[in-house]
Amino acid sequence: MGDEKPDDISQTETSNSENVKENEQKENGESGKTDKVKVDILLKATGNAPIMKKKKWTVDAEKPIGWIIEFVKKYLKLEPEEKLFLYVNQTFAPSPDQVIRNLYECFGSDGKLVLHYCKSQAWG
């Protein structure tokens, strides 16, 4: 995928203060209905998986994990028949239909959700 960036995902350069401000707006009900909530995701290679040049991404919180798997496969230019496994905090593989927002709320830390990816099963 080179330097292309899909509309739904972008390399993040936001600061924690901006994230705090967004959270405060959501809690106060000040966020507009057209605003999409984004989640910072840190993708780390495990085992024999190729390492991504860009590791930190901002993703729409309503996307399913299956969408992230497909994005990483395209980014790494893997063959369609190659498997890719995602793990949350090196502990378990979430269901492909699991929504990123739910995982972030339960397992996010330091303002981001850490996902490890590999081409063979590692944990869980």
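Worth saying up front: this structure is predicted, and the values here are computed from it rather than measured.

Calculation rules
Residues numbered from 1 in each chain as written. Predicted model: local features only at pLDDT ≥ 70, side-chain atom pairs only at ≥ 80, totals over all residues. Heavy atoms only, no water. Helix = DSSP H or I, 4+ residues; strand = E, 2+ residues; numbered from the N terminus. Buried < 20%, exposed > 50% of the residue type's maximum accessible area, 1.4 Å probe, protein only. Contact = heavy atoms within 4.5 Å. pLDDT = per-residue confidence, 0-100.

### Describing the overall build of the protein chain
When helices and strands are tallied, the protein chain shows 3 helices and 5 strands. Reading the helices (α) and strands (β) of the protein chain from amino to carboxyl end gives β-α-β-β-α-β-α-β. Residues counted as buried form 33% of the 124 residues belonging to the protein chain. For the protein chain, restricting intrachain contacts to residue pairs at least 6 apart in sequence, the fraction spanning at least 24 positions comes to 67%.

### Re the confidence of the model for the protein chain
Counting all residues, the mean pLDDT for the protein chain is 79, and 69% of those residues have values of 70 or more. Model confidence for the protein chain, summarised as mean pLDDT per element, is weakest for helix 1 (residues 16-28) at 47 and strongest for strand 3 (residues 56-60) at 95. Considering only residues more than four positions removed or in separate chains, one finds that residues 11-21, a stretch of pLDDT under 50, has 11 contacts. Predicted confidence for residues 23-34 stays below pLDDT 50, and this span has 4 contacts to residues more than four positions away or in other chains.

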